[in-house]
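# Descriptive analysis of the structure
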Amino acid sequence: MVCQNRKPDLVIFTSTSWRASPSRPQAKWTSWPILPLSSSPRSPATTALLLPTSSSCLTNAFQAQLRLCADGGANRVYDEMPLLFPHEDALDVRHRYKPDVIKGDMDSIRTEVLDFYTSLGTKVVDESHDQDTTDLHKCISYIRDFTPNLDKSNLCILVAGALGGRFDHEAGNINVLYRFSTMRIILISDDCLIYLLPRTHYHEIYIQSSVEGPNCGLIPIGMPSASTTTTGLQWDLTNMEMTFGGLISTSNIVKGEKVTVQSSSDLLWTISIKKT
């Protein structure tokens, strides 16, 4: 998980399995609240630090292979972590829960935060020379290079704080999904999660109704979809064309435990997160 500047109320891990089908490869998505990694059907191969709303969830998150902060996300870790353990010494909490890596152009992280984590051995990757990519892009590149021998379809990267605030930041983060379309990246906000459904696969999305839904949407960003077919939605699409300036599937509703999607173009899937 790449931690940016906003804190989600709920963290979702997604387990993806792939198998061949007669027409297209099949992608299965299952989402569930953050659980002890030992009980999860598949632990994310690469995950980094986030800020969930309970200390038990936070402890589980720190079992991840890689805890990565995008520039100013380190400020949130430094400031917010002790609040989850109000009866403990703040310094002890910060020592116990620290990021492995801080990466970005270093224009947002506070000096005292950078100095603190550096003193604890956190690796700092300053890419201020690169102003053509966002901090999130830099972090995803790091994760990709961190796992050179691993099948990237087995990665699950959760990005906390990627949505909300300035729209140009949101657009840049969504663009990262397309730039790294072969990797499984999920953007999470206080209200919803977003991920890319590549056109190369037939998608089955298993809904965890206790934590997500019912509001959802399928959005063709980048190019129109000449044909999209779904099942499991209140307003299903059957070989439907979708394009900005025409029809797009927003304010839809999931009806059951499974949604299927097949499209001629890449689509963004978004679903609401229930408040707890």
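Being a predicted model, the structure only gives us computed values, none of them experimental. (Residues numbered from 1 in each chain as written. Predicted model: local features only at pLDDT ≥ 70, side-chain atom pairs only at ≥ 80, totals over all residues. Heavy atoms only, no water.)

## Re the overall build of the chain
To keep it simple, the criterion reads: For helices the rule is a DSSP run of H or I covering at least 4 residues; for strands it is a run of E covering at least 2, with both sets numbered from the N terminus onward. Three exposure classes are used, based on accessible area relative to the maximum for each residue type with a 1.4 Å probe and protein chains only: buried under 20%, partly exposed in between, and exposed over 50%. In this description, contact between two residues means that some pair of their heavy atoms is separated by no more than 4.5 Å. Here the open area of atoms and residues is found with the Shrake-Rupley method and a 1.4 Å probe, where only the protein chains shown may cover a residue.
Counting its regular elements, the chain contains six helices and 16 strands. Relative to its full complement of 276 residues, the chain shows a buried share of 54%. For the chain, restricting intrachain contacts to residue pairs at least 6 apart in sequence, the fraction spanning at least 24 positions comes to 69%. Taken as a whole, the chain presents about 12100 Å² of accessible surface, with 51% of it coming from carbon and sulfur.

## Some remarks on unusual backbone geometry
Of note, the bond from Gly213 into Pro214 is cis; its omega dihedral lies within 30 degrees of zero at 5°. Looking at where Pro214 falls in the secondary structure, it is placed in strand β11 (residues 212-219). Here the phi dihedral of Ser251 falls at roughly 55°; this positive angle occurs in a residue that is not glycine. Within the secondary structure, Ser251 is located in strand β14 (residues 249-253). Relative accessible area serves as the criterion here: at 59%, Ser251 is assigned to the exposed category.

## Topic: the nonpolar core
So the rule is basically this: For the purposes of this section, nonpolar cores are sets of buried Ala, Val, Leu, Ile, Met, Phe, Trp, Tyr and Cys residues that join through side-chain atoms within 4.5 Å.
With 27 residues, the main nonpolar core has Ile140, Met183, Ile185 and Leu187 as its most contacted residues. Counting only elements with at least two residues in this core, the list comes to β4 (68-70), α5 (135-146), β7 (157-160), α6 (167-179), β8 (185-188) and β9 (192-197). When residues in this core are grouped by element, the largest group, five residues, is from α5. What Leu187 contacts, discounting residues up to four positions off in sequence, is Leu136, Val159, Ala162, Leu163, Asn173, Ile174, Leu177, Cys192, Leu193 and Ile194. The next biggest cluster of nonpolar side chains, apart from the first, holds 21 residues, and it includes Cys156, Cys216, Val259 and Ile271.

## Things to note about helix α4 (residues 111-119)
Stated precisely, the cut-off is as follows: The arc in question is the one spanned by the directions pointing from the helix axis to the C-beta atoms.
Residues Val113, Phe116 and Tyr117 constitute the buried set of α4. The buried residues of α4 occupy an angular sector of 90° when projected down its axis, which confines them to one face. Along α4, the residues that are exposed and aim more than 90 degrees away from the buried face are Thr111 and Ser119. A positive backbone phi angle near 95° is found at Gly121, which sits one or two residues after α4.

## Some remarks on α6
Just so we agree on the cut-off: The span one expects for a helix is its residue count, reduced by one, times 1.5 Å.
The terminal C-alpha atoms of α6, which comprises 13 residues, lie 18 Å apart, in line with the 18 Å expected from a rise of 1.5 Å per residue. At its buried positions, α6 is contacted by α5, β8, β9 and β16 (267-273).

## Focus: the pattern of salt bridges
The condition is simple: Basic side-chain nitrogens of Lys or Arg form a salt bridge, by our definition, when they fall within 4 Å of a carboxyl oxygen of Asp or Glu.
Per the stated rule, a full pass over the model turns up ten salt bridges. With a closest N to O distance of 3.3 Å, Arg199 and Asp266 form a salt bridge. Of this pair, Arg199 sits in the loop between β9 and β10 (202-206) while Asp266 sits in the loop between β15 (258-263) and β16; the two residues are 67 residues apart in sequence, bridging distant segments of the chain. Owing to a relative accessible area of 39%, Arg199 belongs among the partly exposed residues under this scheme. Sharing partners across several salt bridges, the network here consists of Asp79, Arg110 and Glu112.

## Observations concerning the environment of Cys139
Locating Cys139 in the fold gives a position in helix α5. Accessibility expressed as a relative area gives 0% for Cys139, which makes it buried. For the pair Cys139 and Gly104, spaced 35 residues apart in the sequence, the C-alpha separation amounts to 7.3 Å.

## Describing the pairing of β15
Counted only if it meets this: One bridge is not enough; two strands pair if DSSP finds at least two bridges between them.
Both β10 and β15 contribute to a ladder of four bridges, which runs antiparallel. Residue Ile205 lies in a different strand from β15, and its bridge partner there is Val259. Two elements, strand β12 (residues 225-231) and β15, share four bridges in a ladder whose sense is antiparallel. Within β15, the position partnered with Thr228 by the bridge is Ser263.

## Re the environment of Val254
Relative to the assigned elements, Val254 resides in the loop between β14 and β15. On the basis of relative accessibility, which here comes to 11%, the residue Val254 falls in the buried class. Residues within four places of Val254 in sequence aside, it is in contact with Ile207, Gly213, Pro214, Cys216, Gly232, Leu233, Val259, Trp269 and Ile271.

## Here we look at the side chain of Ser249
Cut-off, in case you're wondering: Side-chain atoms alone can form a polar contact between residues adjacent in sequence; in general such a contact is a pair of N or O atoms within 3.5 Å, and within protein one must be able to donate a hydrogen while the other accepts it.
By secondary structure assignment, the location of Ser249 is in strand β14. In terms of polar contacts, Ser249 uses its side chain to reach the side chain of Asn252, at 3.1 Å. In this view, Ser249 contacts Cys216, Gly217, Leu218, Leu237 and Met242; residues no more than four positions away in its chain are not counted.

Don't take any of this as a statement about function, it's just geometry.
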